[in-house]
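Chains, contacts and geometry: an overview
The lines below spell out each chain.
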Amino acid sequence: MAAVLPLLAASLLVLFSGLHPAAAGGEAATVVVKAAAAVSRTDDNFVCATLDWWPRDKCNYGMCPWYNASILNLDLNNTILNNAVKAFNSLRIRLGGSLQDQVMYKVGSNYGDCRSFQRDDGGLFGFTDGCLEMNRWDELNVFFQRTNTTVTFGLNALKGRRKAAGGKDTLYSGDWDARNALDLMRYTAGNGYRVESWELGNELSGSGVAARVAAAQYGRDVAMLRKVVERVYSGGGEVPKVLAPGGFYDGAWFSEMLRVSGRGAVDGVTHHIYNLGSGKDRDLMKKMQDPGYLDHVKKTFRDMAATVRDSGPWSSPWVGESGGAYNSGGKDVSDTYVNGFWYLDQLGMSAAHGTKVYCRQALVGGNYCLLNTTTFVPNPDYYGALLWHRLMGPVVLKAATTAAIAASSPYLRSYAHCSREKPGVTVLLINLSNATAFDVSVAGGALGAAPCGGRREEYHLSPRGGDIQSQVVLLNGEPLALGPGGKIPELRPAVVGDGCAAPLRVASRGISFVRFTEFKAPACA
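Values in this document were obtained by computation on a predicted structure and should not be read as measured data.

What counts as what
- Residues numbered from 1 in each chain as written.
- Predicted model: local features only at pLDDT ≥ 70, side-chain atom pairs only at ≥ 80, totals over all residues.
- Heavy atoms only, no water.
- Salt bridge = Lys/Arg side-chain N within 4 Å of Asp/Glu carboxyl O.
- Helix = DSSP H or I, 4+ residues; strand = E, 2+ residues; numbered from the N terminus.
- Buried < 20%, exposed > 50% of the residue type's maximum accessible area, 1.4 Å probe, protein only.
- Expected span 1.5 Å × (residues − 1).
- Contact = heavy atoms within 4.5 Å.
- Polar contact = N/O pair within 3.5 Å; in protein donor to acceptor, adjacent residues only side chain to side chain.
- Axes fitted to C-alpha atoms, helices over the stretch in contact; angles between N-to-C directions.
- Parallel < 35°, antiparallel > 145°, perpendicular 65-115°, else oblique.
- Left-handed = near helix turned anticlockwise from the far one by under 90°.
- Nonpolar A, V, L, I, M, F, W, Y, C, P; charged D, E, K, R; others polar.
- Disulfide = S-S within 2.5 Å.
- Core = buried A, V, L, I, M, F, W, Y, C linked by side-chain atoms within 4.5 Å.
- Domains from an automatic or database assignment.

**A look at the pattern of salt bridges**
A side chain of one charge can pair with a side chain of the opposite charge if their charged atoms are brought near each other. According to the stated counting rule, one finds 25 salt bridges in the structure shown. Among the salt bridges present, the one from Glu199 reaches Arg94, with a minimum N-O distance of 3.1 Å. With Glu199 in strand β11 (residues 197–200) and Arg94 in strand β5 (residues 92–95), the pair connects residues that are 105 residues apart, well separated along the chain. Close ionic contact of Glu457 with Arg455 constitutes a salt bridge, the shortest N to O distance being 2.8 Å. Under the relative-accessibility criterion, Glu457 is labelled buried at 7%. By relative accessible area, Arg455 is classed as partly exposed at 37%. What emerges from the salt-bridge pattern is a single network uniting Asp43, Arg92, Glu196 and Lys241.

So this is what it looks like as structure tokens:
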């Protein structure tokens, strides 16, 4: 046993140099990546993007940024879109959003008046009910199969309910009518379409957004959804997961929902995060670069994990939707390089706090799109998401700045995972400083072990021309641009021969993924 203790205690020390002549203005910092044991584990398809129902006349702040990005009218044959999804080799896509609780499925005999979404100032979110016809559902599933997509589908949770009496009260009462959802599931399973998970409702938890449902009622409805799923998929094969409630975190409400739904009913407890405020907030960019502000959301992740642990330990926390800034995101901000500070920091932070899946709003549509809404050309965050998916494996390691210098390096963010499907450890470094670059040296473990041999593969992201509002991102100094036929560019690292000997520079406002190919991590074995 004594012989393996040094191995079990091994850690990676990433040492940031001080004021060397070659790095004037640099700050000394030490980041310790403890690799003896994992702190959490994500789903293999942790990175997720959403498709929404919003029609082209969804407008905010005098802008209408959705065009033809709806689930109902998106061009599924667009070459760039197909290449962008295929590049992940199984991207998780969640179909849902504000209007999902107004969607009927035109199958069976329980859909009523199935019509297209129309503007209606008296309707929820300013729209009438909408309709998903089965020929469109067929087209979507052809796309999903062609691109090897992992599908999460958000169901209409207001079907059968009535708005409770009480003036402006947004409470909806009554049992969920599951018949239309049952018909959709039967059609889906009967055609061999694979939905990995079914989610009930969108933003109906707690005080809701435009509508709300009481926690105990929701718990009973989730238990019903579990029965429906098990009935449809009882013939064999993998049974889809059940997710709920797809709303903003409210500890008491979530706990009651889990208690009432019962053991094993919910596989993923989904919550939404828009912690940057509204899309027209003039301080959006300031918030994205403020480490103190970014840290505020840690409490939500911690509290969410505690609620699941205490009230539903058979389940796990998911971020079912997160766009940073609500109401379609910020124009010329949410689709630019600077948004990566918030986005990649959220991926790292949420994973470290036990989140299994993180869904970004949106793949296409709004100002927070990963792909441009009209051209489908990737925005900078697309490449950040793709690098995370390819490099950061599901095993999460603890990365922390040592106390002796913590006060001098608040702008350095660091996260570490076992490398995805390859040996070694990958570290994500985010430099929020607008002036200071860090030079990085790698030392051995605390007990004298030398866990960091081999080579180092570096992926340094920066904005074109130093403009953090650029929609063009550079990888190791070269712009990432589509190739012939809309081909996603190869993401090649800069390779350093000895992972521990040569210094590593993280530029000001730089983002770096670094894989240490032969780092010996017991947690990764």
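**Quick notes on helix α9 (residues 298–311)**
With 14 residues, α9 extends 20 Å from end C-alpha to end C-alpha; this agrees with the ideal 20 Å at 1.5 Å per step. Among all positions of α9, only Phe301, Met304, Ala305, Ala306, Thr307 and Val308 are buried. In this fold, the buried residues of α9 make contact with α6 (251–261), β13 (268–273), β14 (316–322) and α10 (339–352).

**So, the side chain of Ser316**
Locating Ser316 in the fold gives a position in strand β14. Relative accessible area serves as the criterion here: at 12%, Ser316 is assigned to the buried category. Separated by 3.4 Å, the side chains of Ser316 and Trp318 make a polar contact.

**Quick notes on the packing of helix α3 (residues 134–147) against helix α4 (residues 179–190)**
Here α3 crosses α4 at 45 degrees, and the two axes come no closer than 12 Å. The angle between α3 and α4 falls in the class oblique. For the element pair α3 and α4, the recorded crossing hand is right-handed. On α4, the residues touching Met134, Trp137 and Asp138 of α3 are Leu184, Tyr187 and Thr188. Taken together, the residues that form the contact of α3 with α4 break down as four nonpolar, one polar and one charged.

**So, the state of the cysteines**
Enumeration according to the criterion identifies four disulfides in this entry. Disulfide pairing places Cys114 opposite Cys131 at an S-S distance of 2.0 Å. Because the sign of the S-S torsion sets the handedness, a value of about 95 degrees for the bond joining Cys114 and Cys131 places this disulfide among the right-handed ones. Of this pair, Cys114 sits in the loop between β6 (103–106) and β7 (130–133) while Cys131 sits in strand β7, placing them 17 residues apart in sequence. Taken as a pair, Cys114 and Cys131 share a single burial class, namely buried. Sulfur-sulfur distance for the disulfide between Cys418 and Cys524 comes to 1.9 Å. Sign of the S-S torsion, about -85 degrees for the bond between Cys418 and Cys524, identifies this disulfide as left-handed. On the criterion of sequence distance, the pair formed by Cys418 in strand β17 (residues 412–419) and Cys524 in the segment after β25 (511–519) is long-range, its members being 106 residues apart. Look at the protein and number its bonded cysteines as they come in the sequence; the links are 1-6, 2-3, 4-5, 7-8.

**Quick notes on the nonpolar core**
The biggest cluster of nonpolar side chains holds 123 residues, and the ones touching the most others in it are Trp137, Phe153, Leu155, Tyr218, Leu363, Tyr382 and Phe513. For this core, the domains that each give at least three residues are domain 1 (27–40 + 397–524) and domain 2 (43–394). Counting residues in each nonpolar core, the second largest holds 18 residues, with Ala35, Ala416, Val514 and Ala523 among its members.

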